[in-house]
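# Notes for the structure review
As a plain string of letters, each chain reads:
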Amino acid sequence: MTTRSRATSTSASASASTATATATVSWTGANARRLARQHLNPDAAATASPGAGTPGAAVASMLGAHAQVLSAAELSVGLRGDGLTRTDVRTALWTDRTLVKTFGPRGTVHLLPAADLPLWTGALSAVPAGKNPFAKDARMTPDQVEAVVAAVAEALTGAELTIDELSEEVVARTGPWAGDLVMPGFQTMWPRWRQVLHLAGHRGALVYAPNRGRKATYTNPGCTPLPGPGAPAALIERYLRAYGPATSAHFARWLAAPKPWAADQFAALAAAGAIEEVTFADAGPAWVVAGDTDFPTSPVRGVRLLPYFDAFTIASQPRERLFPGAAYERALAGGQAGNFPVLLVDGTVAGVWHLRRSGRRIAVTVEPLEPLPPAGLRALEEQVERVATIMEGTAELTVGPVTVGPHA
């Protein structure tokens, strides 16, 4: 049984500028709780979130599954549920519609729980736009942006359209300017309106529909974003429950939001007594949801495999603690998490791995940074079998040479 420690709460009326941290949370405790709440650390079940028996619950526990590569998202979800397979994820997405595929944090494609879409779209659409990255002659005016989002919503209502079909509809509803080929994209030029495709998703006007052959399609989910400040506040609280303690800068980085805006959101929640400050290891002052101060004292044990762009590796901060030593060089791309599937040993990154599928055969090659002991190798074999079960195949494990430093 896991022993838990309780931090002392600050005053409910404390603000971000005046609150004083009254407890220290260790990296060990924070990391163990984060893994437990995502059902990746069964030894800390006492602090886990409610069971992730369904794909929707699993996705909710990690605040969205990165789905640019859908097979990686299917594995992320399956690893957080008992007995879930890729078929379960696909059924939830395309048949039961308890999951949606859309543009989530950082404007990247994610799986989100359908029931939470009003909250997500309300929060994402409230994030102020950053600096316009497009050339001056490619930009759109605010009125043009609104016209395109409205056109996307109208065109997709009751329809499932490919990107080319949607483009024709948008141009017909707005004007030839929307179709000007001014956006660089994958060795070609895209029409002007495409720069706000993700914004249409954030506004609740667009989600992915089932592929038509090899082509992606989109539809209007009929979602009304949650209005007012409630949505960003609710998202911050969910973020802190999943990844706290965290700072407003951590949250801003995860969401790709302006740091001053995020700081203001945290200050408002602190003033309302919704969050409280703690001292987090060597990261200094950080925040948790008020009263949510139970952390395991036992370190994480065991071996885990996480796929490309797994939510845990992207959102957990400080990144230097999750990717210690040589792992920071080997398993990150210029400090960016997600580009490599990672091997976790005792809760921290200790190597990378690769998967190659041929029919039902799933060949997994694991490259640890240090040799694994016999017990670790047995645990690794179990993890590979679980990966194969989720992906509905037959496992084959190769433990590659110990790798140190950047991959050759």
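Structural notes, computed from the coordinates.

Cut-off values and rules
Residues numbered from 1 in each chain as written. Predicted model: local features only at pLDDT ≥ 70, side-chain atom pairs only at ≥ 80, totals over all residues. Heavy atoms only, no water. Pairing = 2+ DSSP bridges. Helix = DSSP H or I, 4+ residues; strand = E, 2+ residues; numbered from the N terminus. Contact = heavy atoms within 4.5 Å. Axes fitted to C-alpha atoms, helices over the stretch in contact; angles between N-to-C directions. Buried < 20%, exposed > 50% of the residue type's maximum accessible area, 1.4 Å probe, protein only. Core = buried A, V, L, I, M, F, W, Y, C linked by side-chain atoms within 4.5 Å.

So, on to the sheet that holds strand β12 (residues 284–289). The strand order across the open sheet built from 3 strands is β2-β11-β12, with neighbouring strands paired in mixed fashion. The open sheet has two free edges, formed respectively by β2 (24–25) and β12, since each of these has just one partner strand. Strands in contact with helix α1 (residues 27–37) are β2, β11 (275–280) and β12; relative to β11, the strand with the most contacts, it is inclined by about 130°. Sitting on the sheet, helix α9 (residues 230–243) is in contact with β11 and β12, with an inclination near 110° to β12.

Looking at where His202 falls in the secondary structure, it is placed in helix α8 (residues 197–202). Overall, the relative accessible area of 9% leaves His202 in the buried class. His202 has contacts with Phe103, Gly104, Gly107, Thr121, Leu124 and Ser125, leaving out every residue within four places of it along the chain.

Attention now goes to the sheet that holds strand β17 (residues 361–368). Taking strand neighbours across the sheet as the criterion, the 5 strands line up as β14-β15-β16-β17-β18 in an open arrangement whose pairing is mixed. In the strand order of this sheet, the two ends are held by β14 (303–306) and β18 (394–399), each with one partner. Adjacent strand axes in the sheet meet at a mean angle of 30° when their direction is disregarded. With 8 bridges joining them, strand β16 (residues 348–358) and β17 adopt antiparallel strand pairing. Across the sheet, residue Leu355 finds its bridge partner in β17, namely Val364.

Okay, the nonpolar core next. Among the nonpolar cores identified, the biggest contains 73 residues, and Leu166, Trp193, Leu206, Leu240, Phe251, Trp254 and Leu255 are the most heavily contacted of them. The greatest single-element share of this core, amounting to 8 residues, is contributed by α9. Excluding residues that lie within four positions of it along the chain, Trp254 makes contacts with Leu63, Pro105, Arg106, Trp120, Leu235, Tyr239 and Ala315. Counting residues in hydrophobic clusters, the runner-up holds 42 residues, among them Val288, Ala331, Ala337 and Leu344.

To continue, consider the environment of Leu397. Among the structural elements, Leu397 can be located in strand β18. Distance from Leu397 to Asp294, taken between C-alpha atoms, is 38 Å for residues 103 residues apart in sequence. Leaving out residues up to four positions away in the same chain, Leu397 has contacts with Val364, Val366, Leu380, Glu381 and Val384.

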